[in-house]
Amino acid sequence: MPNPDPTPRLTDTTALARNRARADALFLQEVAQDEIEDRLELVNKTFQVPAIVAAFPELWRARRTDAVVVAETDTLPLEVGGHDLVIHSLGLHWANDPVGQLIQCRRALKPDGMLLAVALGGQTLQELRSVLAEAEVAVTGGLSPRVAPMGEVRDLGALLQRAGLALPVADTVVLTVRYQTMWHLMRDLRAMGEGNALQTRLRYPTRRAILEAAAKLYADNFAHPDGGIAATFELIVLTGWAPDDSQPKPLRPGSAQARLADALRTDETSLSD
């Protein structure tokens, strides 16, 4: 029978849920929490009805007892216009529709409500992706999907505008983590719940020859200065606001009441046509 939903899906949500249920090492999620809390301390506003969309809801319920905490699902169970703060914590890279996730968060905000999201960026696991690709091509002559695609900071920032959010800001935090070997890194990824859950992933174990070749390439090309290997994790922090008349707006061109040259105490020179 034909597929009733022709939209291609990035993530096998059953496999993702299975991976997350086995997770027991959530240091990256905790780093994301700390980044979010630090950003909130810089905002001169008290939030009364926060909501949190989380890959690991229990982690947030233990820290934010005042918030509505929901799991990251395709359809978010958030009240429309019911929250003055929505946090989306480190799950967008597995979302089948990341723009849809942000749009749903936007709809859940009151006017002048704040969205604060942390997502994994394109530098994440760049070393592992490189050596696995090189090793697989060398051994088999082809490539298979292994790591979820992750956006660059500019692309993710543009998603805020597509979702209808005002005053969008995107910045990045890069972490370099030292592991003893590639095998230790891959074991840690499974413990984080970040194993391969791509819909198009191979459904049989990777050949040992590929992994051994990749481990050697990793050790040879991405050694950490203090020993072992280096692994990059990039956190991209996205901030936007639900539109409201009270927010600052850019002036219309030509509406300035003072000359820039006067403010800079310099002479204005006209350019020839």
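**Considering unusual backbone geometry**
In the Ramachandran plot, Leu 90 falls in the positive-phi region, its phi being about 55 degrees despite a non-glycine side chain. Within the secondary structure, Leu 90 is located in the loop between strand E3 (83-89) and helix H4 (98-107). For Leu 90, a relative accessible area of 2% puts it in the buried group. Although it is not a glycine, Leu 167 adopts a positive phi angle of roughly 50 degrees. Along the chain, Leu 167 falls in strand E5 (residues 166-179). The class for Leu 167 is partly exposed, based on a relative accessible area of 38%.

**A few points about helix H8 (residues 208-221)**
The first and last C-alpha atoms of H8 sit 20 Å apart over 14 residues, in line with the 20 Å expected at 1.5 Å per residue. Taken residue by residue, H8 has Ile 210, Leu 211, Ala 214, Ala 215, Leu 217 and Tyr 218 as its buried positions. One side of H8 carries all its buried residues, which in axial view fall inside an arc of 165 degrees. H8 presents Arg 208, Lys 216 and Asp 220 as exposed residues on the side facing more than 90 degrees away from its buried surface. The secondary structure elements touched by the buried residues of H8 are helix H5 (126-140), helix H7 (182-191) and strand E6 (229-241).

**Looking at the packing of aromatic side chains**
With the rule as written, the count across this model stands at 2 aromatic pairs. Each ring, one from Tyr 218 and one from Phe 222, has its centre 5.7 Å from the other, and the planes form 75 degrees; the classification is edge-to-face. On the accessibility criterion, Tyr 218 (0% relative accessible area) is buried. For Phe 222, a relative accessible area of 26% puts it in the partly exposed group.

**Examining the pattern of salt bridges**
One side chain can pair with another of opposite charge once the charged atoms of both are near each other. Counted according to the given criterion, the structure contains 12 salt bridges. Across the salt bridge formed by Glu 37 and Arg 64, the nearest N and O atoms sit 3.1 Å from each other. Taken together, the residues Glu 37 in helix H2 (residues 27-41) and Arg 64 in the loop between helix H3 (57-61) and strand E2 (68-71) connect sequence positions 27 residues apart. The buried category is assigned to Glu 37, whose relative accessible area is 18%.

**Examining the pairing of strand E4 (residues 109-120)**
For E4, a buried count of 9 out of 12 residues is recorded, marking the element as mostly surrounded by other parts of the structure. Here E3 runs beside E4; their pairing, made up of 6 bridges, is parallel. Bridge pairing in E4 places His 83 opposite Leu 109. For E4 and E6, the ladder comprises 7 bridges, and the chain directions are antiparallel. Residue Leu 116 lies in a different strand from E6, and its bridge partner there is Thr 239.

Cut-offs used in this document
- Residues numbered from 1 in each chain as written.
- Predicted model: local features only at pLDDT ≥ 70, side-chain atom pairs only at ≥ 80, totals over all residues.
- Heavy atoms only, no water.
- Helix = DSSP H or I, 4+ residues; strand = E, 2+ residues; numbered from the N terminus.
- Buried < 20%, exposed > 50% of the residue type's maximum accessible area, 1.4 Å probe, protein only.
- Expected span 1.5 Å × (residues − 1).
- Arc of directions from axis to C-beta.
- Contact = heavy atoms within 4.5 Å.
- Phe/Tyr/Trp six-rings, centres within 6.5 Å; stacked < 30°, edge-to-face > 60°.
- Salt bridge = Lys/Arg side-chain N within 4 Å of Asp/Glu carboxyl O.
- Pairing = 2+ DSSP bridges.

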